[in-house]
Amino acid sequence: MAPHHPEDVGVKAAKTPRRAVAAADRTRQPTEVRRRLIVEAAVPLIAERGYASVGVRDVAAAAGVSVGTVTYHFGSVQEILSEAMVLHIERYYAALNEAAEQAAGSGEALRLLIDALFTEDTDRHWRMWFDYWSAGDRDQDPEQAFASGQAKRYEDWHSQIRALVERGVADGEFACEDPAGFTVRFAALSDGLALQRLRQSPELSTEDARRHLYRLVESELRTGGQ
């Protein structure tokens, strides 16, 4: 990720002339509150521009704080963007998990997840996710913040899917000898369909993306007793 300003690279920014700062910057706030404010401000920037186009100055302006405040709390722009993406992903999947927990059974929960994964609104999420995915392979991530964060997100997502399958098996709703294998295939197919959906090569509608996942569920998670 090529930095756009000197402040985007590592450590602290050099001293700059004093200037007026926003009210939020003048207010004494706990470190965790200030960090959260900065990370929150970075999320919509990533959604609108992509990682490569977001720099420290952009984040500072969006958060209403000085560049010095940003570099005081974060060692690099990569650290900010990684935390911002983690925040976005956690919110996204927390909403999916909440919907699944309210379902009458595991089958309905999986259908709700599939429907929520592919909507016109979730195209933005997938675009951010793949940008985050590729960021872990870039040379500008020496501390592996992106790669390790992505690995944790995948671990959580796999755990959520596997738990639904195992619950369905325990309740007699599913017959599945390999919940772990199904989980890998479900997650991989979701990613592949999402990428095809964004690229539209070949063309793929949200309805067709859902249909492919429904078919996987139907073929691998046989109804108990069948």
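The model shown is predicted, which means the values in this text are computed figures rather than measured ones. All residue numbers refer to positions counted from 1 along the written sequence of the respective chain. Under the rules for a predicted model, residues below a pLDDT of 70 receive no local features and side-chain atom pairs below 80 are neither given nor counted, while totals for whole chains, interfaces and linings still include all residues. Just so you know, side-chain values use all the structure's heavy atoms and leave hydrogens and water out.

Turning our eyes to something else, we now look at the UniProt feature "DNA-binding region" (unreviewed entry) in the protein. UniProt positions are given in the numbering used here, feature names are shortened, and annotations may be inferred rather than shown by experiment. UniProt records the feature "DNA-binding region" (unreviewed entry) for residues 55-74 in the present numbering. Per the convention used, a helix needs a DSSP run of H or I reaching at least four residues, while a strand needs a run of E reaching at least two, with both numbered from the N terminus. End-to-end, the C-alpha atoms of residues 55-74 are 13 Å apart, and along that stretch the chain is 75% helix and 0% strand.

Residues enter a nonpolar core if they are buried and are Ala, Val, Leu, Ile, Met, Phe, Trp, Tyr or Cys, with the set joined through side-chain atoms within 4.5 Å. In this scheme, a residue with accessible area under 20% of its type's maximum is buried, one over 50% is exposed, and one in between is partly exposed, where area comes from a 1.4 Å probe on protein chains only. Ranked by internal contacts, the top residues of the largest apolar core, which has 60 residues, are Leu 117, Trp 126, Phe 182 and Phe 186. When residues in this core are grouped by element, the largest group, 12 residues, is from helix H5 (residues 77-101). Split by domain, the residues of this core number at least three in each of domain 1 (29-87) and domain 2 (103-225). Marked domain ranges trace back to an automatic or database domain assignment.

Right, let's talk about the packing of aromatic side chains for a bit. The criterion for an aromatic pair is that two Phe, Tyr or Trp rings (for Trp, the six-membered ring) have centres within 6.5 Å, with stacked assigned to planes under 30 degrees apart, edge-to-face to planes over 60 apart and tilted to the rest. Under the definition given, this model contains four aromatic pairs. Taking the centre distance of 5.9 Å and the plane angle of 15° together, the rings of Phe 118 and Trp 126 count as stacked. Both residues of the pair, Phe 118 and Trp 126, belong to the buried class. With centroids separated by 5.8 Å and ring planes inclined at 40°, the aromatic side chains of Phe 182 and Phe 186 adopt a geometry described as tilted.

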